[in-house]
Amino acid sequence: MKYIDEYRDKEIVKRIVANINKISKKDISLMEVCGGHTMAIHKFGIPSLLPENIKLLSGPGCPVCVSSRKFIDQAIAYSRLNDTIIATYGDLIRVPGSTSSLNKEKAKGADIRIVYSVLDAISMAQNNPEKKLIFLGIGFETTAPSSAVAIFNANKLNLKNFSLFSSHKVMPPAMKALINEGVKIDGYIAPGHVSTITGAGIYKDIAEKYKAACVIAGFEPVDLLQSIYMLVKQIETNDYKVEIEYKRVVKPEGNLKAQEMLEEIFYLRDDWWRGLGILSKSGLGIREKYARFDAEKVYDVEVEETREDKGCICGEILKGLKTPNDCKLFGKACTPGDPVGACMVSNEGSCYAYYRYKA
Amino acid sequence: MKTKNNDTILLGHGSGGKLSHELIDKVFVKQFNNSILSVQTDSAILTVGQSELAFTTDSFVVDPIFFPGGNIGKLAVCGTVNDLAVSGASPLFISSAFIIEEGFSMDALVEISETMAVEAKKAGIEIVTGDTKVVNRGKCDKVFINTSGIGLLNKKHLDISTGENISIGDKIIVNGSIGDHGMAILSARNELNLKANIESDCACLNHLIKDALEVSDEIKFMRDATRGGIATVLSELVKGKNYGLEIFEELVFVNENVRGICEMLGFDPFYVANEGKIIMVVGKNDADKVLAQMKKNQFGKDAAIIGEIIDKHHGKGWINTEIGGKRIIDMLSGEQLPRIC
């Protein structure tokens, strides 16, 4: 398949691995902060190809994983409102809330529908004018622009029954917070899709002030290994900068139109991240101008008290301090079929990727 | 049985993956408890007089009921025929029971029945009994079909369904491309507005299997890789056993358009449903002979040896990835796609 096979070529892979082996001397930890990277790294068996002195850590890159349990509890509360359709991306419905999950509410009769795009949720709202449609907006700079477009369109169409419950987040504050917390990260495999929107500028601080290598990577094995090579090179020569490996997609300035759209609809607010707590200006709230599409403003629901599971170490796993194998629930009380922590739900979650591909 | 508070049936319980297995173990096997059921093979193996019979049943709720490469009727015949055939039995007779929604099109019902008749004839079996129920509009979705079947089992094939003769060095064969059925159904559902031109691989495989059994007595295990894909079959094959298996990803054939959709939507073809694919474990000396025989059949023309049983990683399946890395194979958990068959 064009644009895929050439990035999965065994010979090229061998050559890059040999090059990594040649220049890599220090014991280093590299972190990926994009769930797509986590999945690709494990699916292709990339850790089995690297020398032992290079450790790969999975960071807070899975949107489902970093969202708060309160977000799920509130979504569940919305799903119990009369005449309401909850539209959501698939992963979210299996994430455990404090006492229930969207999946369980669905089995009990709540109208919860999986969509592949927020624009499907817009048509769903148009086709069901007698119902309230609440879309669960989740994800980083990758999915936030389409949520922004949905609100923009809903405004143009003057839709009365569409609203969005935002858990959208932005990535750089989390990347900085991890280093501030003392997690040993020598370099970031920076997220390809996020950077497509934001451009490379958002990581400048991380490379220059925080002295962490930064390479924006694509999602194929050759992309990932080439990025690892570039990171190792930066680290071995103490030359920290932001480089783009994924040049065929990412432009240094990003997607300006998408950035404008984000700016129009959202503002930066403090937000809670699993494992990291509240990070300043790390979440996307809906601007006052569009408040009539903000589920939090439109619907007043009583949300149950948040109960976190004892023993789940998702937080530390998301910080790269522990791996899923360190968790006593992993593979026993917590499996993809019956997940305790969010990291076991999403196929971008570290625990899920470990469970499926690496146990 | 005691259940957790407010436990309810989730779609994942019908997915054929981990949740289904848990449900079967904790509810059905526990309640119906008997020595034939507890083996949990594709077909129950029954001794009646001097003969060994294979007996199986399956219900079909696919959505949409018509899809590229088949319809719910074709699935209902092929599914049951294949469950019998992979047990090593020659399918003879099947039943068909219809649950039909009030208001369902008569033309559609005729078309489905015609397809069933054609498939039955091709497979060399007869549909000899049936049942019809009609329920109020909205109480089922268009039409659901249950088929049961019986087949005659040659005594020398008695161990195929359990795979108890599998040994180190045996080769693993799959009879062609994987993931076609799942992705055909997904693209036939108009939710995604995909025009993918993928046909389901739905087919009766009893002739293919019979031909293979005729050339070799070293076929040690067969299973059709339906829901949960080949990954689920491979993972079950080694679970709890004192051997492991390894698969070479580059030897597993995936059609380009199936691969395309999988890449786009994040599905792993190893976990996507098939309706005309079997995993076969064959003694290493006979593998090439069996493969050559299978390739003569239209449903085996792309058959390939994709891996082998190994004396490492006991209880686990490993994939050597296309780039030379290694990863584990696990059973499908939770729902991947509901109502795929």
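Residues numbered from 1 in each chain as written. Chains lettered and ligands numbered in written order. Predicted model: local features only at pLDDT ≥ 70, side-chain atom pairs only at ≥ 80, totals over all residues. Heavy atoms only, no water.

### Some remarks on the overall build of chain B
Step number 1: Assigned secondary structure in chain B consists of 8 helices and 14 strands.
Step number 2: With respect to the three principal axes, the spread of C-alpha positions in chain B is 55 × 55 × 50 Å.
Step number 3: When the 341 residues of chain B are sorted by exposure, 55% land in the buried category.
Step number 4: Nonlocal contacts in chain B, meaning residues at least 24 apart in sequence, comprise 83% of its contacts between residues at least 6 apart.
Step number 5: Surface accessibility of chain B: about 15,000 Å² in total, with carbon and sulfur atoms responsible for 51%.
Step number 6: In chain B, the 35 positive side-chain charges and the 45 negative ones have mean positions that sit 3 Å from each other. (Helix = DSSP H or I, 4+ residues; strand = E, 2+ residues; numbered from the N terminus. Buried < 20%, exposed > 50% of the residue type's maximum accessible area, 1.4 Å probe, protein only. Contact = heavy atoms within 4.5 Å. Areas by Shrake-Rupley, 256 points an atom, 1.4 Å probe, with all protein chains shown as cover. Lys, Arg positive; Asp, Glu negative; His and termini not counted. Charge placed at Lys NZ, Arg CZ, Asp CG, Glu CD.)

### A few points about the overall build of chain A
Step number 1: Scanning chain A from terminus to terminus reveals 15 helices and 11 strands.
Step number 2: Overall, chain A is about 65 × 45 × 40 Å in size when its C-alpha atoms are taken along their principal axes.
Step number 3: Taken across its 359 residues, chain A has 60% of its residues classed as buried.
Step number 4: Taking the intrachain contacts of chain A between residues at least 6 apart in sequence as the baseline, contacts between residues at least 24 apart amount to 76%.
Step number 5: Of the accessible surface of chain A, which amounts to about 14,600 Å², a share of 49% is contributed by carbon and sulfur atoms.
Step number 6: Of the side chains in chain A, 49 bear a positive and 44 a negative charge, and the two mean positions are spaced by 2 Å.

### Thoughts on the state of the cysteines
Residue and element names in this part refer to chain A.
Step number 1: Under the defined criterion, the tally for this structure stands at 1 disulfide over all chains.
Step number 2: Each disulfide pairs two cysteine sulfurs, and for Cys 62 the partner residue is Cys 65, the sulfurs being separated by 2.3 Å. Around the S-S axis, the bridge from Cys 62 to Cys 65 shows a dihedral of about 75 degrees and counts as right-handed. Cys 65 matches Cys 62 in its accessibility class, with the two residues each being buried.
Step number 3: Cys 351 carries a free sulfur, and the closest cysteine sulfur to it, the one in Cys 343, is 4.8 Å from it.
Step number 4: On the accessibility criterion, Cys 351 (7% relative accessible area) is buried. (Disulfide = S-S within 2.5 Å.)

### Observations concerning the packing of helix H2 (residues 35-43) of chain A against helix H15 (residues 350-357) of chain A
Any two packed helices are characterised by how steeply their axes cross, that is the angle between the axes, and by the distance between the axes.
Residues and elements named next belong to chain A.
Step number 1: Relative to each other, H2 and H15 sit at 15 degrees, their axes nearing to 10 Å. With respect to their mutual orientation, H2 and H15 come out roughly parallel. Seen from above, H2 lies across H15 with right-handed handedness. Along the contact surface, H2 presents Thr 38, Met 39, His 42 and Lys 43, while H15 presents Ser 350, Tyr 352, Ala 353, Tyr 354, Arg 356 and Tyr 357.
Step number 2: Of the residues contributing to the contact of H2 with H15, the split by class is 5 nonpolar, 3 polar and 2 charged. (Axes fitted to C-alpha atoms, helices over the stretch in contact; angles between N-to-C directions. Parallel < 35°, antiparallel > 145°, perpendicular 65-115°, else oblique. Left-handed = near helix turned anticlockwise from the far one by under 90°. Nonpolar A, V, L, I, M, F, W, Y, C, P; charged D, E, K, R; others polar.)

### With respect to the pairing of strand S4 (residues 111-114) of chain A
Step number 1: Direction of pairing for strand S3 (residues 84-88) of chain A relative to S4(A): parallel, over a ladder of 4 bridges. Within the sheet, the bridge partner assigned to A:Thr88 lies in S4(A) and is A:Ile114. (Pairing = 2+ DSSP bridges.)

### Considering helix H1 (residues 18-32) of chain B
Step number 1: Spanning 15 residues, H1(B) covers 20 Å between terminal C-alpha atoms, matching the ideal 21 Å at 1.5 Å per step.
Step number 2: For H1(B), the principal kink sits at B:Ile24 and spans about 35 degrees.
Step number 3: The set of residues buried in H1(B) consists of B:Lys18, B:Leu19, B:Ser20, B:Leu23 and B:Val29.
Step number 4: Structurally, H1(B) contributes buried residues whose contacts are with H15 of chain A. (Expected span 1.5 Å × (residues − 1). Bend = angle between axes of the 7 residues up to and from the residue.)

### Brief notes about the sheet that holds strand S1 (residues 28-32) of chain A
Residues and elements named next belong to chain A.
Step number 1: Spatially, the 5 strands line up as an open sheet ordered S2-S1-S7-S8-S9, and their pairing is parallel. The two strands at the open ends of the sheet, each matched to only one other strand, are strand S2 (54-58) and strand S9 (242-244). In this sheet, neighbouring strand axes are inclined to one another by 20 degrees on average, regardless of whether the strands run parallel or antiparallel.
Step number 2: Taken together, the 4 bridges between strand S7 (residues 187-190) and strand S8 (residues 213-216) define a ladder with parallel strand orientation. Across the sheet, the residue bridging to Ala 190 is Ile 216, located in S8.
Step number 3: The strands touched by helix H11 (residues 221-236) within the sheet are S1, S2, S7, S8 and S9, with S8 carrying the most contacts at an inclination of about 160 degrees.

### Description of the interface of chain A and chain B
Step number 1: Taken together, the contact between chain A and chain B spans 30 residues of the former and 32 residues of the latter.
Step number 2: Summed over both partners, the interface of chain A with chain B comes to about 2,800 Å²; 53% of that surface belongs to carbon and sulfur atoms.
Step number 3: Scanning the region where chain A abuts chain B turns up 4 salt bridges.
Step number 4: Between B:Arg259 and A:Asp5 there is a salt bridge whose closest N-O contact spans 2.8 Å.
Step number 5: Across the chain A-chain B interface, the total number found is 7 residue pairs in polar contact (both at pLDDT 80 or more).
Step number 6: Mapped onto the side of chain A that touches chain B, the elements with two or more residues apiece are helix H1 (10-23), H2, helix H5 (102-107) and H15 of chain A.
Step number 7: Of the residues forming the side of chain A that touches chain B, the biggest block, 4 residues, is contributed by H5(A).
Step number 8: In terms of residue class, the side of chain A that touches chain B is made up of 13 nonpolar, 6 polar and 11 charged. (Buried area = accessible area lost by both parts, 1.4 Å probe. Salt bridge = Lys/Arg side-chain N within 4 Å of Asp/Glu carboxyl O. Polar contact = N/O pair within 3.5 Å; in protein donor to acceptor, adjacent residues only side chain to side chain.)

### Topic: the confidence of the model for chain A
Step number 1: Residues of chain A with pLDDT of at least 70 account for 99%, and the chain-wide mean is 91.
Step number 2: Strand S6 (residues 162-166) of chain A holds the highest mean pLDDT among the elements of chain A, 98, whereas H15(A) holds the lowest, 80. (pLDDT = per-residue confidence, 0-100.)

### Section: the packing of H1(A) against H11(A)
All names here are of chain A.
Step number 1: Following both chains from N to C, one finds H1 and H11 inclined at 15 degrees, their axes separated by 10 Å at the closest point. By the angle between their directions, the pair H1 and H11 is classed as roughly parallel. As H1 packs across H11, the resulting crossing turns out to be left-handed. Of H11, the residues touching H1 (which contributes Ile 12, Val 13, Ile 16, Val 17, Asn 19, Ile 20 and Ile 23) are Val 222, Leu 225, Gln 226, Ile 228, Tyr 229, Val 232, Lys 233 and Glu 236.

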